[in-house]
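Chain by chain, the residues run as shown.
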Amino acid sequence: RKEVEQDPGPFNVPEGATVAFNCTYSNSASQSFFWYRQDCRKEPKLLMSVYSSGNEDGRFTAQLNRASQYISLLIRDSKLSDSATYLCVVITSGNAGNMLTFGGGTRLMVKP
Amino acid sequence: DVKVTQSSRYLVKRTGEKVFLECVQDMDHENMFWYRQDPGLGLRLIYFSYDVKMKEKGDIPEGYSVSREKKERFSLILESASTNQTSMYLCASSLAPSGYTFGSGTRLTVV
């Protein structure tokens, strides 16, 4: 089983739709969680952190479920510009410090 | 804004060549990382460094080495390039777990 798993998609949704992605992680000792966005042929960029209490940034809501070991990203009122690959990132402490593990990414395509 | 600069956007090298990929960051970050990204496999950590002259193996270090002689520069070395090292290589820099910034990537093709 991969340490961090995501449905690769693609998720094809119309403009204005609400879409949600999940990301599961296997290490219960993982401490920090993030969502990154990666546009085609570009580098990943931090979208938002994921807190236990959940956090919201405009149309984006991120949540963490420690009991079931998954994080989620909800996008409301999808825009064409939201089309990208969304990577979840899990940070776990190890002997050599914090280790960052990426999920394989979920591709979102928003259609007019 | 933190800037992470990778020296080349595209590289084509021959099998057996020694290849250097350079990464420079301008924010005095201790932590630097090299990843490769391949379709269906996602981002995989090759090597990372938490300080000058310090290096740690990531998940897929075979066939690679690194050098961190100065804090701002982290070099990835392919000792003898092979076709299975054709990939997108991404460098990242961080001061803390929440502050990872990536370079724009180097797309390496080994022929």
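To start, this report covers the structure provided alongside it.

All right, on to the state of the cysteines then. A complete count under the given rule lists two disulfides over all chains for this structure. Disulfide pairing is shown between A:Cys23 and A:Cys88; the S-S distance is 1.8 Å. For the disulfide bridge between A:Cys23 and A:Cys88, the dihedral angle about the S-S bond is near 50 degrees, and by the sign convention the bridge is right-handed. Taken together, the residues span a long stretch of sequence, with A:Cys23 in strand β3 (residues 19-25) and A:Cys88 in strand β9 (residues 84-94) at a distance of 65 residues. The pair formed by A:Cys23 and A:Cys88 is uniform in burial state, with each residue classed as buried. Put simply, B:Cys23 and B:Cys91 are joined by a disulfide, and their sulfur atoms are 1.9 Å apart. Taking the sign of the S-S torsion, -75 degrees for the link of B:Cys23 and B:Cys91, the bridge is left-handed. Within this pair, whereas B:Cys23 is found in strand β4 (residues 23-25), its partner B:Cys91 is found in strand β10 (residues 87-94), the two being separated by 68 residues in sequence. No disulfide involves A:Cys40; its sulfur sits 20 Å from the nearest other cysteine sulfur, which is in A:Cys88.

Here we take up the nonpolar core. Membership of the largest hydrophobic core comes to 23 residues, with the highest contact counts inside it found for A:Phe21, A:Trp35, A:Ile71, A:Leu73, A:Ile75, A:Tyr86 and A:Leu108. Apart from the residues within four sequence positions on either side, A:Leu73 is in contact with A:Val19, A:Ala20, A:Phe21, A:Trp35, A:Leu47, A:Met48, A:Phe60, A:Thr61 and A:Tyr86.

Attention shifts here to the packing of aromatic side chains. Residue and element names in this part refer to chain A. Enumeration according to the criterion identifies 14 aromatic pairs over all chains in this entry. Note on Phe-11 and Phe-21: the rings are 5.2 Å apart at their centroids and 85 degrees apart in plane angle, and the pair reads as edge-to-face. Residue Phe-11 is located in strand β2 (residues 11-14), and its partner Phe-21 is located in strand β3; the two are separated by 10 residues in the primary sequence. Ring geometry for Tyr-36 and Phe-102: centres 6.0 Å apart, planes at 65 degrees, overall edge-to-face. Of this pair, Tyr-36 sits in strand β4 (residues 32-38) while Phe-102 sits in strand β10 (residues 97-102), and the two are 66 residues apart along the sequence.

The next thing to look at is the pattern of salt bridges. The full count for this structure, using the stated rule, is 11 salt bridges over all chains. Salt-bridge contacts for A:Arg76 lead to A:Glu56; the nearest nitrogen and oxygen are separated by 3.4 Å. Of the two residues, A:Arg76 is situated in the loop between β8 (70-75) and β9 and A:Glu56 in strand β6 (residues 55-57); the sequence distance between them amounts to 20 residues. Relative accessible area serves as the criterion here: at 57%, A:Glu56 is assigned to the exposed category. Between B:Asp28 and B:Lys71 there is a salt bridge whose closest N-O contact spans 3.2 Å. Of this pair, B:Asp28 sits in the loop between β4 and β5 (31-38) while B:Lys71 sits in the loop between β8 (64-70) and β9 (73-78), and the two are 43 residues apart along the sequence. Connected through shared salt-bridge partners, B:Asp28, B:Glu30 and B:Lys71 make up one network.

For the rest of this paragraph, the subject is the interface of chain B and chain A. Interface size is commonly expressed as the accessible surface area that is lost when the partners come together. Of the residues lining the interface, 18 residues belong to chain B; the matching set on chain A comes to 17 residues. When the two sides are added together, the surface that chain B and chain A hide from each other amounts to roughly 1,600 Å², 56% of it contributed by carbon and sulfur. At the surface where chain B touches chain A, the tally comes to zero salt bridges. Run the count over chain B and chain A and you get three residue pairs in polar contact (both at pLDDT 80 or more). If you list the elements that add at least two residues to the side of chain B that touches chain A, you get β5 and β6 (42-49) of chain B. Here the element with the most residues in the side of chain B that touches chain A is β6(B); it accounts for four residues. Classifying every residue of the side of chain B that touches chain A by side-chain character gives nine nonpolar, six polar and three charged.

What follows is about the pairing of β10(B). All names here are of chain B. β10 sits mainly inside the fold: eight of its eight residues count as buried. Alternating positions in β10 separate into two faces, Ser-87, Tyr-89, Cys-91 and Ser-93 on one and Met-88, Leu-90, Ala-92 and Ser-94 on the other, with burial throughout. Taken together, the seven bridges between β5 and β10 define a ladder with antiparallel strand orientation. In the strand pairing of β10, Trp-34 is matched with Cys-91. Taken together, the three bridges between β10 and strand β12 (residues 106-110) define a ladder with antiparallel strand orientation. Following the sheet pairing, Ser-87 is matched in β12 by Leu-108. Sheet topology places β10 next to strand β11 (residues 101-102); two bridges connect them, and they run antiparallel. When the sheet's bridge partners are listed, Ser-93 is paired in β11 with Thr-101.

Calculation criteria
- Along each chain, residue indices are assigned from 1 in the same order as the chain's sequence is written.
- Chains and ligands are labelled by the order in which they are written, letters from A for the one and numbers from 1 for the other.
- Reporting of local features is limited, given that this is a predicted model, to residues whose pLDDT is at least 70; pairs of side-chain atoms are given and counted only at 80 or more, and all residues count toward the totals for whole chains, interfaces and linings.
- With hydrogens and water stripped out, all remaining heavy atoms of the structure feed into the side-chain values.
- Our working definition of a disulfide is a cysteine sulfur pair at a distance within 2.5 Å.
- The helix and strand labels rest on DSSP assignments: H or I over at least four residues marks a helix, E over at least two residues marks a strand, and numbering proceeds from the N terminus.
- For each residue, the accessible area found with a 1.4 Å probe, counting protein chains only, is set against the maximum for its type, and the residue is called buried under 20%, exposed over 50%, and partly exposed in between.
- What we call a nonpolar core is a set of buried Ala, Val, Leu, Ile, Met, Phe, Trp, Tyr and Cys residues that are connected through their side-chain atoms within 4.5 Å.
- Two residues qualify as a contact provided that any one of their heavy atoms is within 4.5 Å of a heavy atom in the partner residue.
- Two rings from Phe, Tyr or Trp (for Trp, the six-membered ring) form a pair when their centres are within 6.5 Å of each other. A pair whose planes differ by under 30 degrees is stacked, one over 60 is edge-to-face, and the rest are tilted.
- A side-chain nitrogen of Lys or Arg and a carboxyl oxygen of Asp or Glu constitute a salt bridge if their distance falls within 4 Å.
- A 1.4 Å probe defines the accessible area here, and the buried area is the portion of it lost by two parts on being joined, summed over both.
- Polar contact is the term for a pair of N or O atoms within 3.5 Å; when the atoms are in protein, one must be able to donate a hydrogen and the other to accept it, and sequence-neighboring residues count only if both atoms are side-chain atoms.
- Residue polarity is assigned by list, with Asp, Glu, Lys and Arg as charged and Ala, Val, Leu, Ile, Met, Phe, Trp, Tyr, Cys and Pro as nonpolar; anything else, Gly included, falls into the polar class.
- Paired strands, as defined in this entry, are two strands with at least two bridges between them according to DSSP.

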